[in-house]
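Geometric and topological summary
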Amino acid sequence: MTPDIIIAPSILAADFANLAAEAEAVEGAADWLHVDVMDNHFVPNLTIGPPVVESLRRATGIPFDCHLMIEDPKRWAPAYAQLGACNVTFHAEACDDPVALAKDLRAAGTLAGLAVDRDTPIEPYLELLPHFDTILVMTIKAGFGGQAFMPELLAKVRAARRHAKAGHLDIRIEVDGGIAADTIEAAALAGADAFVAGTAVYGAHDPAEACRKLRALAQAAVARQTTSDSGGTTV
Ligand code: DX5
Ligand code: ZN
């Protein structure tokens, strides 16, 4: 069954010397493991690539959500699909033909995701959404964990949700950056249904409990919204 809400801890905030244990720490509480791939060109930071993803895949059963912050995703993205990622997201700013790459990713057996960074408007990409399974709206500037959530970027989430509703699209709307107990409700109310959280999960004493808490907050916000949309509760 597809969960109503996806919680995706980002291993960017985990201990890179103990990735297998860090993945295990959220088993049963996380839906996806968010893997931030950075190339020091598209963003000024450098993380991991296919060999680490390949090894970590063998160490955990949690589906991988690979977020490629790299130049030339056409060249590299299909490798992550072949390594068994469940979702592969590349940036709109780095790709001339997002629809062609989405087709390649789907053909390679993964969900296809499109990401828009802080300074990229979402409107030019709304028409492409039928070709994608996820749209990732950055709620910070891509590149580093631990930054402050930017609530003004939720306008893009609302636009994507309106567009998805109007077109009856089956698409996940994912938010990434500064998602924590004090921001996840606003993101859920704006229409997000997949939540990346690095610091809020791996900075917590109990990462699995942090995932459960985030999920409960998002679910409660959506439930309250549904109740008020339908005219309030009856006694
Ligand atoms: C940053 C990455 C995020 C990052 C989020 O560019 O895409 O996934 O890990 O970290 P937090 O949740 O700490 O903002
Ligand atoms: Zn990310």
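Described in the following lines is the structure provided in the data block. (Residues numbered from 1 in each chain as written. Chains lettered and ligands numbered in written order. Predicted model: local features only at pLDDT ≥ 70, side-chain atom pairs only at ≥ 80, totals over all residues. Heavy atoms only, no water.)

**Details of the overall build of the protein chain**
Operational definition: Strands here mean DSSP runs of E at least two residues long; helices mean DSSP runs of H or I at least four residues long; both are numbered from the N terminus. Taken over C-alpha atoms, the radius of gyration is set against a globule rule of 2.2 Å times the number of residues to the power 0.38. Exposure is judged per residue with a 1.4 Å probe applied to protein chains only, and the accessible area is read against the type maximum: over 50% gives exposed, under 20% gives buried, and values in between give partly exposed. Only heavy atoms matter for contacts: two residues are in contact if any of them lie within 4.5 Å across the pair. For the area figures, the Shrake-Rupley method with a 1.4 Å probe applies, and any residue is considered shielded solely by the protein chains shown.
When helices and strands are counted, the protein chain shows nine helices and eight strands. Compactness check: the protein chain gives a C-alpha radius of gyration of 17 Å against a globular reference of 18 Å for 235 residues, within 12% of the reference. On the principal axes, the C-alpha backbone points of the protein chain span a range of 55 × 40 × 35 Å. Scored against the burial criterion, the 235 residues of the protein chain give a buried share of 51%. Residue pairs at least 24 apart in sequence account for 64% of intrachain contacts in the protein chain once pairs closer than 6 positions are excluded. Per element, the accessible surface of the protein chain, about 10,500 Å² overall, is 53% carbon and sulfur.

**Digging into the site of ligand 1**
We apply this condition: In these notes, residues near a molecule or strand are those with any non-hydrogen atom within 4 Å of it. Pairs of N or O atoms within 3.5 Å make up the polar contacts considered here, provided that, within protein, one atom can donate a hydrogen while the other can accept it, and that residues adjacent in sequence are counted only when both atoms are side-chain atoms. Note that Gly is not counted as nonpolar here; it falls among the polar residues with everything else outside the nonpolar set of Ala, Val, Leu, Ile, Met, Phe, Trp, Tyr, Cys and Pro and the charged set of Asp, Glu, Lys and Arg.
Inspection of the region around ligand 1 gives 21 residues, with Gly-143, Asp-176, Gly-178, Gly-198 and Thr-199 positioned closest. In this structure, Gly-178 approaches ligand 1 through a main-chain N or O atom, which is 2.8 Å from an oxygen atom. Note that an oxygen atom of ligand 1 is positioned 2.8 Å from one of the backbone N or O atoms of Gly-198. A total of 380 Å² of accessible area belongs to ligand 1 in isolation, and the protein chains cover 98% of it. Sorting the residues of the shell around ligand 1 by element identifies β2 (33-38), β3 (64-69) and β8 (194-197) as the ones contributing at least two each. Considering every element that reaches the shell around ligand 1, the biggest residue donor is β2, with three residues. Residue composition of the shell around ligand 1, grouped by class: nine nonpolar, ten polar and two charged.

**Details of the environment of Val-201**
Among the structural elements, Val-201 can be located in helix α8 (residues 199-202). Looking at Val-201, the relative accessible area reads 0%, which means it is buried. In this view, Val-201 contacts Pro-9, Val-26, Pro-207, Ala-210, Cys-211 and Leu-214; residues no more than four positions away in its chain are not counted.

**Structural notes on the coordination of the zinc ion (ligand 2)**
Going by this rule: In this description, a donor is an N, O or S atom within 2.8 Å of the metal centre, a cutoff extended to 3.2 Å for sodium, potassium and calcium. Water is not part of the atom list, which can make sites seem incomplete. Note on geometry labels: four donors, all angles 85 to 135 degrees, give tetrahedral; four donors become square planar and six octahedral when opposite donors are over 155 degrees apart and every other angle is between 65 and 115; remaining cases are irregular.
Taken together, the protein donors to the zinc ion (ligand 2) comprise His-34 (NE2), Asp-36 (OD), His-67 (ND1) and Asp-176 (OD), at separations of 2.1 to 2.3 Å. Around the zinc ion (ligand 2) sit six donor atoms, and with donor-metal-donor angles ranging over 72 to 172° the site reads as octahedral.

**Comments concerning the sheet that holds β3**
Worth spelling out the cut-off: Should DSSP find at least two bridges between two strands, the strands are taken to pair. Angular values range over 0 to 180 degrees, each being the angle between N-to-C directions of two axes fitted as lines to C-alpha atoms, with helices fitted over their stretch in contact.
Within the open sheet, the eight strands sit side by side as β1-β8-β7-β6-β5-β4-β3-β2. Their pairing is parallel. Where the open sheet ends on each side, the last strands, each with one partner, are β1 (6-9) and β2. Taking each pair of neighbouring strands and ignoring which way they run, the sheet shows an average axis angle of 20°. Packing of helix α6 (residues 154-166) onto the sheet brings it into contact with β5 (111-116), β6 (134-138) and β7 (172-176), and relative to β7 it is tilted by some 175°.

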